[in-house]
Amino acid sequence: MAIAFVRVSFPHLRETEGACALLAYLGRTVVADERLSKAFAFRGATDADLVYERVYLPDGVPAELTNPSAFANRLDDRECQRVRKWSRQRQPQLGALFVIALPPEDELSLTETIRLVEKVLAIIRQRLKLAIYVAIHDPAQLQAGDRNRHAHLLVPLREVTEHGFERRKIRIPFAQPRNSAAPNANQNYVAEGIHWPSLLADLQREFAAELGIDLVVDPPAPFSGRHWTPRKGKQAEVRQERRRQHELAIETQN
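The structure reproduced in this document is the subject of the present report.

Parameters at a glance
- Along each chain, the written sequence defines residue order, and numbers are assigned to residues from 1.
- Given that the model is predicted, a residue must reach a pLDDT of at least 70 before its local features are reported, and side-chain atom pairs must reach 80 or more before they are shown or counted; all residues, however, enter totals for whole chains, interfaces and linings.
- Only heavy atoms go into the side-chain values, all of them from the structure, while hydrogens and water stay out.
- The helix count covers DSSP runs of H or I at least four residues long, the strand count covers runs of E at least two residues long, and both are numbered beginning at the N terminus.
- The buried label applies to any residue whose accessible area, calculated with a 1.4 Å probe on protein chains only, is under 20% of its type's maximum; exposed applies above 50%, and partly exposed to all values in between.
- In this description, contact between two residues means that some pair of their heavy atoms is separated by no more than 4.5 Å.
- Both site types are read off a 1 Å grid over the protein atoms alone. A 1.4 Å probe that fits but cannot get out defines a cavity, while an open set with protein on both sides within 12 Å along at least five of seven lines defines a pocket; lining residues have an atom within 4 Å of a point.
- Grid points are joined across faces, edges and corners, and a volume is the space filled by probe spheres set on the points.
- Under this grouping Gly is polar, as are all residues other than the nonpolar Ala, Val, Leu, Ile, Met, Phe, Trp, Tyr, Cys and Pro and the charged Asp, Glu, Lys and Arg.
- Here the nonpolar core consists of buried residues drawn from Ala, Val, Leu, Ile, Met, Phe, Trp, Tyr and Cys, with membership extended through side-chain atoms lying within 4.5 Å.
- Following DSSP output, two strands are said to pair if at least two bridges run between them.
- For helices, the axis comes from a line fit to the C-alpha atoms of the stretch in contact; other axes are also lines fit to C-alpha atoms, and the angle between any two N-to-C directions lies between 0 and 180 degrees.

Scanning the protein chain for helices and strands turns up 5 helices and 13 strands. Here the protein chain, with 254 residues, has 41% of them falling under the buried criterion. Long-range contacts, defined as pairs at least 24 residues apart, comprise 65% of the intrachain contacts of the protein chain with a sequence gap of at least 6.

What follows is about the environment of Glu166. Position of Glu166 relative to the elements: it lies in strand S10 (residues 164–169). Sequence spacing of Glu166 and Arg78 is 88 residues, and the spatial spacing of their C-alpha atoms is 8.1 Å. Those residues in contact with Glu166 that lie beyond four places of it in its chain are Arg78, Arg158, Glu159 and Thr161.

Tracing the backbone through its elements, the reader meets Ile170 in the loop between S10 and strand S11 (175–179). Distance from Ile170 to Arg158, taken between C-alpha atoms, is 5.9 Å for residues 12 residues apart in sequence. Ile170 has contacts with Leu128, Leu130, Leu157 and Glu159, leaving out every residue within four places of it along the chain.

A word on the layout of surface pockets. Counted as a void, the second largest pocket has a volume near 230 Å³. Taken together, Glu79, Arg82, Arg88, Arg90, Gln91, Pro92, Gln93, Arg158, Arg167, Arg168 and Lys169 make up the full set of residues lining the second largest pocket. Here the element with the most residues in the lining of the second largest pocket is S10; it accounts for 3 residues. Taken together, the residues of the lining of the second largest pocket sort by class into 1 nonpolar, 2 polar and 8 charged.

Moving on to the nonpolar core. Grouped together as the largest cluster of nonpolar side chains are 30 residues, with contacts concentrated most on Phe98, Ile124, Val134, Leu153, Val155 and Phe174. Elements that contribute at least two residues to this core include exactly strand S5 (50–56), strand S6 (95–101), helix H3 (110–125), strand S7 (132–137), strand S8 (150–156) and helix H4 (196–211). Of all the elements, H3 adds the most residues to this core, at 6 residues. Within the second largest apolar cluster, 25 residues are counted, among which are Leu26, Ala72, Ala131 and Val160.

We now examine the sheet that holds S6. With antiparallel pairing, the 5 strands of this open sheet are ordered in space as S2-S6-S8-S7-S5. Strand pairing shows two members of the sheet lacking a second neighbour, strand S2 (6–9) and S5, which therefore form its edges. The sheet shows a mean angle of 15° between the axes of neighbouring strands, taken without regard to direction. In terms of strand pairing, S5 meets S7 through 6 bridges, oriented antiparallel. Among the inter-strand pairings, Val55 is bridged to a residue of S7, identified as Tyr133. Of the strands in this sheet, S5, S6, S7 and S8 are in contact with helix H1 (residues 19–26), which crosses S7 at around 30°.

Regular strands have side chains that alternate between both faces of the sheet. Strand direction decides the pairing type here: strand S9 (residues 158–161) and S10, joined by 3 bridges, are antiparallel. Of the residues in S10, the one forming a bridge with Thr161 is Gly164. From the end of S9 to the start of S10, which pair antiparallel, there are 2 residues.

A separate point is unusual backbone geometry. Despite not being glycine, Arg28 has its phi angle at roughly 50°, a positive value. At Ser37, a residue that is not glycine, the phi angle is positive and equals roughly 55°. Counting through the fold element by element, Ser37 comes out in the loop between strand S3 (30–33) and strand S4 (38–41). By relative accessible area, which is 68% here, Ser37 ends up exposed.

The quantities given are spatial measurements derived from coordinates; they are silent on function.
Below is the structure:
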């Protein structure tokens, strides 16, 4: 059963790491960071879950950006140009980092899964000229029966042209300025641009209908669970927390 899980975070450029370190981890590879004159390496027996990697580019941009290493270095270069001192309170955001749950192999093939991810990219891009890095991980490559296939998307907050990443950052589709006429409320505020879990659920249903398969999308629980990263020796704690979340979801429905 497919789930509509999407998590969006906004990683920052740091004095000691940036997009190069991030893409080395997501791509399970080695990326040479030109700014820091060091290499970030994330290769090993436990990193064989990478099943797809690509930088999606709009037309008319430098071809070198198709290389994830070049993509990461040019992004770090652009964000570095706005840094005067590393002691500032907030460091530049590299972009929006999506984690998207994907149906496992027995529900969608890898080719079909890539098409589903590309439908998400089309929504993110809208009319924007964005370069987007995509990595799909399938833990079933490491442990038979694992069903937690997922995609990572790094979406820079700058459009890209034939000259590289633009100086001006974008807000759409991640944040939308709103006006409020409600009493006791600020007249202007910033709201989320898109409700991503609902969007993913709708896309999965539409894609299943397009393929002519009866893929079921599990609706979000009233009290949703959290995303657990691997925690060695903490399996009992994870099971206990999931039981608690399940009980709270049932109580919320009653």
